[in-house]
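Here are the chains, one letter per residue:
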Amino acid sequence: MARSEGDSWDLASSVGATATSVAASRALASRGPDPLIDDPYAATLVEAVGVPHFVKMANGDFDDSHDPLFGRDQMRAHIAVRTRFFDDFFASACAAGVRQAVILASGLDTRVYRLGWPAGTVVFEIDQPAVVEFKTRVLADTGATPGADRRTVGIDLREDWPAALRSAGFDPSAPTAWIAEGLLIYLPPEAQDRLLDNITALSAPGSALATEHMDAKALTGDWAKELSARGRRYGSDIDLNELFYSGPRTSAGDHLSAAGWRVTVLPNDEAYAAQGFERPHDELAAMVGDSGYLTANK
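A few points on the structure. In this text, all values refer to a predicted model and were calculated from it rather than measured experimentally.

Here we come to the overall build of the protein chain. Across its full length, the protein chain holds 13 helices and 7 strands. Classification of the 298 residues of the protein chain by burial places 54% in the buried group. The contacts of the protein chain with a sequence gap of at least 6 include a subset with a gap of at least 24, amounting to 75%. Approximately 12,800 Å² of the protein chain is accessible, and the part contributed by carbon and sulfur atoms is 51%.

Right, let's get into the environment of D160. Looking at the element boundaries, D160 is found in the loop between strand 3 (149-154) and helix 7 (161-167). Separated by 38 residues in sequence, D160 and N198 have C-alpha atoms that sit 9.8 Å apart.

What the 7 strands build is an open sheet, ordered 3-2-1-4-5-7-6; its pairing is mixed. Edge strands, defined here as strands with exactly one partner in the open sheet, are strand 3 and strand 6 (262-267). Each neighbouring strand pair of the sheet contributes to a mean axis angle of 15 degrees, computed without reference to strand direction. The sheet contact formed by strand 2 (residues 122-127) and strand 3 spans 6 bridges and is parallel. Counted as the bridge partner of E125 is T152 from strand 3. Where helix 6 (residues 129-142) meets the sheet, its contacts fall on strand 2 and strand 3, and the angle it forms with strand 3 comes to roughly 145 degrees.

With that settled, the discussion passes to the pattern of salt bridges. Between side chains of opposite charge, a pair can form as their charged atoms come close. Under the defined criterion, the tally for this structure stands at 13 salt bridges. Two residues, D109 and R111, come together in a salt bridge whose shortest N-O distance is 2.4 Å. In this pair, the class of D109 matches that of R111, namely buried. Residue D269 is joined to R279 by a salt bridge in which the shortest nitrogen-to-oxygen separation is 3.4 Å. Here R279 lies in the loop between helix 12 (268-274) and helix 13 (283-286) and D269 lies in helix 12, a separation of 10 residues in the sequence. Taking the relative accessible area as the measure of exposure, D269 reaches 39% and is therefore partly exposed. A relative accessible area of 12% places R279 in the buried class. It is possible to trace a salt-bridge network through shared partners that takes in R26, D39, R82, D87, D109, R111, R114 and E181.

Ranked by size, the top nonpolar core spans 46 residues in total, and within it F90 and W117 carry the most contacts. A total of 8 residues in this core trace back to one element, the largest contributor, which is helix 4 (residues 72-95). Excluding residues that lie within four positions of it along the chain, W117 makes contacts with F90, C94, A101, R111, V112, V123, G147 and A148. Counting 27 residues, the second largest nonpolar core, distinct from the first, contains L104, F170, A191 and L195.

With that out of the way, let us pick up the packing of aromatic side chains. Counted under the stated rule, the structure contains 9 aromatic pairs. A ring pair is formed by F89 and F90, whose centres lie 5.7 Å apart and whose planes are at 50 degrees; its orientation type is tilted. Each member of the pair, F89 as well as F90, is classed as buried. Here a set of aromatic residues connected by ring pairs shows up, and it is made of F124, W161, F170 and W178.

What follows deals with the packing of helix 2 (residues 42-49) against helix 6. Across the interface, helix 2 lies against helix 6 with an axial gap of 10 Å and an inter-helix angle of 120 degrees. Considering the angle they form, helix 2 stands oblique to helix 6. Where helix 2 crosses over helix 6, the two elements pack in a sense that is right-handed. Contacts from T44, L45, A48 and V49 of helix 2 reach helix 6 at F134, K135, V138, L139 and T142.

Scoring rules and cut-offs
- Residues numbered from 1 in each chain as written.
- Predicted model: local features only at pLDDT ≥ 70, side-chain atom pairs only at ≥ 80, totals over all residues.
- Heavy atoms only, no water.
- Helix = DSSP H or I, 4+ residues; strand = E, 2+ residues; numbered from the N terminus.
- Buried < 20%, exposed > 50% of the residue type's maximum accessible area, 1.4 Å probe, protein only.
- Contact = heavy atoms within 4.5 Å.
- Areas by Shrake-Rupley, 256 points an atom, 1.4 Å probe, with all protein chains shown as cover.
- Pairing = 2+ DSSP bridges.
- Axes fitted to C-alpha atoms, helices over the stretch in contact; angles between N-to-C directions.
- Salt bridge = Lys/Arg side-chain N within 4 Å of Asp/Glu carboxyl O.
- Core = buried A, V, L, I, M, F, W, Y, C linked by side-chain atoms within 4.5 Å.
- Phe/Tyr/Trp six-rings, centres within 6.5 Å; stacked < 30°, edge-to-face > 60°.
- Parallel < 35°, antiparallel > 145°, perpendicular 65-115°, else oblique.
- Left-handed = near helix turned anticlockwise from the far one by under 90°.

In short, the description is geometric, and any link to function would need to be established separately.
Written as structure tokens, this is what we have:
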């Protein structure tokens, strides 16, 4: 179903299904005698959502093709690169003395449970109320406990989330580490800019933000269409072309730079190499251009 103003979803549909897909990939990369990451909660969350395709993915129960993007090894490497980038971002921020973190569109993110947080760290998770409630309930039932002071903010990011964040105890005078993982492409251009402006307004000096950098080539809609078609061969029914907001937009890096942030972009090839992997290359991978990962410091 195509996106519309004010649309909503659960973790088995629309944008929510992409969060479950990412969690299934993390579960896959955490399996086996030589796991690439350590997410002990991802598989439990995917099983609780209950979408058969994602459960099979989490368990590694799918055709181990040699597709450059959808083979088992390739999927494990991709999610390992992505997960480690954002994990390392939080570790670096904490090492620099930051004790306040915000995970935007937190979905099935488990970092507040699985990372080592310094004493006194407060981690805010923002997502739609039903998504926040689901994850909280499932992990509580397993006996999982947060490693930091976890504060949930159940609100749609298209609403007045800054006010809700402050009501949850957020301190705009303290440096903050923000992550927006797999989020910006799901926002209309004006909503993306508004989100970044709100982050800027709430960020004290010493704050940092991590998100993806999307090359203009990846925003045409062609990449989303082709990636979705490739995924359908392996059982996925997610149509990214309906979920992404394609077309022209100001890049996050340019917008943040104009707002006074110091921006660094790590291209995909370098991100893979930094984690000991070689990035797969085919015609679909080429369509994302010079995309990668972005870090901004204020």
